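Residue-level structure breakdown
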Amino acid sequence: MDWRMKRSKSVPKLKGSSSPTSPTDKGSKNCKLLAALRDAKIGHAYEPFPWEKKMRELLPVPEASCFLSLLLLPKAADGSNTRYNSLEDTLARADAWLLSSQASGVPVVFMNVQTEALLTKISGETAVSTVNMASLSDLAGMANASLYGFEDYHGVDIGVVRAVRLWYTPAAGEAALELRLRQGDTRLGFAISRTEEGFIYVSSVAEEGTPGVASARSGLLELHRAARRASKLLVLSRVGGEKVLPWMVSTAGNVKCFDTVSLSQKLSLHRHALRPITLHFLMWDRDLAAALPRDADVEKPPPSVLLLPSPLDVAADDLDGPGLASKDSRDSSFRFQNIDLPDSWL
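Residues numbered from 1 in each chain as written. Predicted model: local features only at pLDDT ≥ 70, side-chain atom pairs only at ≥ 80, totals over all residues. Heavy atoms only, no water.

A separate point is the side chain of His-224. If you trace the backbone, His-224 turns up in helix H5 (residues 220–229). Once residues within four sequence positions are removed from consideration, His-224 is found in contact with Val-202, Ser-203, Ser-204, Val-205 and Leu-234. (Helix = DSSP H or I, 4+ residues; strand = E, 2+ residues; numbered from the N terminus. Contact = heavy atoms within 4.5 Å.)

Burial analysis of strand E13 (residues 277–282) places five of its six residues in the buried class, which makes it a mostly covered element. Pairing geometry for strand E6 (residues 174–179) and E13, over six bridges, is antiparallel. If you follow Glu-178 over to E13, its bridge partner there is Thr-278. Where strand E9 (residues 234–239) and E13 come together, three bridges link them in antiparallel fashion. When the sheet's bridge partners are listed, Arg-238 is paired in E13 with His-280. (Buried < 20%, exposed > 50% of the residue type's maximum accessible area, 1.4 Å probe, protein only. Pairing = 2+ DSSP bridges.)

A word on the pairing of E9. With six of its six residues buried, E9 lies for the most part within the structure. Across two bridges, the pairing between strand E8 (residues 200–205) and E9 is antiparallel. Of the residues in E9, the one forming a bridge with Val-202 is Leu-234. Sheet analysis places E9 next to strand E10 (residues 242–243), joined by two bridges and oriented antiparallel. Considered in E10, the bridge of Val-239 is made with Glu-242.

This next bit is on the pattern of salt bridges. Using the criterion set out here, one finds 10 salt bridges in the structure. Note that Asp-39 is salt-bridged to Arg-38, the shortest N-O span being 3.9 Å. Just as Asp-39 is exposed, Arg-38 falls in that class too. When the shortest N-O distance is used, the salt bridge between Arg-238 and Glu-174 registers 3.0 Å. In this pair, Arg-238 sits in strand E9 while Glu-174 sits in strand E6, placing the two residues 64 residues apart along the sequence. With respect to burial, Arg-238 and Glu-174 carry one shared label: buried. One connected set of salt bridges, linked through shared partners, spans Glu-207, Glu-208 and Arg-225. (Salt bridge = Lys/Arg side-chain N within 4 Å of Asp/Glu carboxyl O.)

Quick look at the structure:
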């Protein structure tokens, strides 16, 4: 028998035994675990989201948000547009616009306010403050500046205008009404006006029993009466899905908003074409929209192709009362006057 076999039998290996681990080995293992823990990163992933479906089914106004905003540019301090009021002045004007809108009866509430940086090209004399990229102490000088510039090798030529973005939202969402047209309708049956804040609202609606008006079949009269009872304005927010709200204030302090005459023209074309038009209104009562009457008996007009009359072919003598007979208001289906008279109905 081989002597090596004898040796292996003489020293049997105990089951479950292992070589002892030294403290040095344990410390090395812990260091490796700590290093792995420190270097471990949580990975990224992408989850497809059905945007179109969610925007269509969940939003009160399909594919449109309820977040509304107004961008206010800093007001020019002189006629040369080289000096502008401070950021505090722009913030105060945003606050005044919102409070004035609420006092006028526009059902909106405050959401948020932020500054918005707009890049422009300026001269060195235009900048209220100059930021030297090598010195952080210059940042203190631009804390309340509406216009500041950056220094480069050729002087200050990059300017940053600090505008203010005011975010607001309807007090109780938006409600939609569909005006359905019939053959023989002579008017839509309501008048529109505009507030000094730039909102367009329904100022009067034809009463029940008024012949040849589409508003009598839509529930617009009931909604207008509810607004008056609540001391609110019936503010138009969208016409056919397009926003008709004010969206900007210029450096001169003018509110950029929508023109009532062109809006009246568009509504008038809907009447001529017998095409229904959906109007959205800012609401002040969440339960009111659900309680609006629906005219289920009115059949939608057939999708026939109609030839629209040219605005130049509509005679001014179609107007049956005092109104604006200018080139923008020749059509008898609208006459905007800023007053609550039946002759101003669309």
